[in-house]
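# Breakdown of the fold
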Amino acid sequence: MSMHIKQNRVSNNAYLDEMARAGNDILFVDFGCGPMTAGLTAAEIFPRYDNNYKQRTFYAGIDISRNMRILAEGINLEFQLFNSDKFCIAETLKQVAESIDFRPTAIVFSLSCVLSSDTLSKTLPKSLAAEWHEFVESFPSSEEVRVIYHNPDGNFHQNWEAFCHHLGKFSQTVRLSYSLEQRNPCEWDGHRASTTAMIEGTKKAES
Amino acid sequence: MAKVDALEVWRKISVAKICKEAIHFFNQSQIPKKRYIEARRGGF
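Residues numbered from 1 in each chain as written. Chains lettered and ligands numbered in written order. Predicted model: local features only at pLDDT ≥ 70, side-chain atom pairs only at ≥ 80, totals over all residues.

## As for the environment of Arg 175 of chain A
Residue and element names in this part refer to chain A. The test is simple: By definition, any uninterrupted DSSP run of H or I lasting at least four residues is a helix, any uninterrupted run of E lasting at least two residues is a strand, and each is numbered from the N terminus. In this scheme every C-beta is placed from the backbone, and a residue whose C-beta has 20 or more other C-beta atoms within 10 Å is buried, one with 12 or fewer is exposed, and one in between is partly exposed. Contact between residues is assigned whenever the C-beta positions, reconstructed from backbone atoms, fall within 7 Å.
Residue position: Arg 175 is located in the loop between helix H8 (159-170) and strand S6 (176-178). When the 15 C-beta atoms within 10 Å are taken as the criterion, Arg 175 is described as partly exposed. Sequence separation of Arg 175 and Glu 98 is 77 residues, and the distance between their C-alpha atoms is 20 Å. Excluding anything up to four places from it in sequence, Arg 175 contacts Lys 203 and Lys 204.

## Quick word on the environment of Glu 73 of chain A
Residues and elements named next belong to chain A. Positionally, Glu 73 belongs in helix H5 (residues 66-79). With 16 C-beta atoms counted inside 10 Å, the residue Glu 73 sits in the partly exposed group. Along the chain, Glu 73 and Cys 88 lie 15 residues apart, while their C-alpha atoms are 8.1 Å from each other.

## Observations concerning helix H7 (residues 124-137) of chain A
Residue and element names in this part refer to chain A. Our working definition: What a helix is expected to span follows from its residue count: subtract one and scale by 1.5 Å. Directions pointing from the helix axis toward each C-beta atom define the arc.
The terminal C-alpha atoms of H7, which comprises 14 residues, lie 20 Å apart, in line with the 20 Å expected from a rise of 1.5 Å per residue. Along H7, the residues classified as buried are Pro 125, Leu 128, Ala 129, Trp 132, His 133, Phe 135 and Val 136. In an axial view of H7, the angular spread of the buried residues amounts to 165°, which keeps them on one side of the axis. Elements that come into contact with the buried residues of H7 comprise helix H6 (93-99), strand S4 (106-112), strand S5 (144-151), H8 and S6.

## So, the nonpolar core
We apply this condition: By our criterion, buried Ala, Val, Leu, Ile, Met, Phe, Trp, Tyr and Cys residues that link up through C-beta atoms within 7 Å make up a nonpolar core.
In this structure, Phe 28, Val 29, Val 108 and Phe 109 of chain A are the most contacted members of the largest nonpolar core, which totals 61 residues. Filtering out sequence-adjacent residues up to four positions away, Val 29 of chain A remains in contact with Ala 60, Ile 62, Val 96, Ile 107, Val 108, Phe 109 and Ser 110 of chain A.

Encoded structure:
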């Protein structure tokens, strides 16, 4: 079980740490949040650079499971990871976009291992990329976005690359320009355990 | 300001009865048994 925490630690240390250090107001979207495994490791990183991170960070957890949503609410209440007015749990990205009052300068989309299942619908990467695009566009204050993913399976070439492909199409039309993904192995004690990857989107220059 | 130790928080969460579904999900999750054993050998 703790392996999921360690995987998220590797991913967030690799790709979230730099954003936190830059002093951004971050909207952290934990897609498929479950019991907040990605959120827990994010809450480790934010205080490193900002004593006031609870005022400058918004956590949004998304899960289709009602029980998981209740669990995530309880975990945040118990451990006070994020301020209650900078914390929401929802079933969809759209619900988050419609319900929160926050002006992020950066948005992080933590996919954890959501795309790693072989049993996912083939259309999911495309629909998820479209939903994400719409979500980001609803926060015009954001100048940088990152999509963070890790995959314990080894079937990286399946859903993640399809997601990247579809997201890349939006860079032709929107205010953000998505870079090619970065990809790194996750290792502990010399053992390779999974792979982590990130897509970065930065604001296009005004024309 | 209190620092967060994700592993310590997780240790407390994972023994709570309410986490049954989460534990079940992760135990049934996508990690092949062989890889999981290799990971355990890695010390986590």
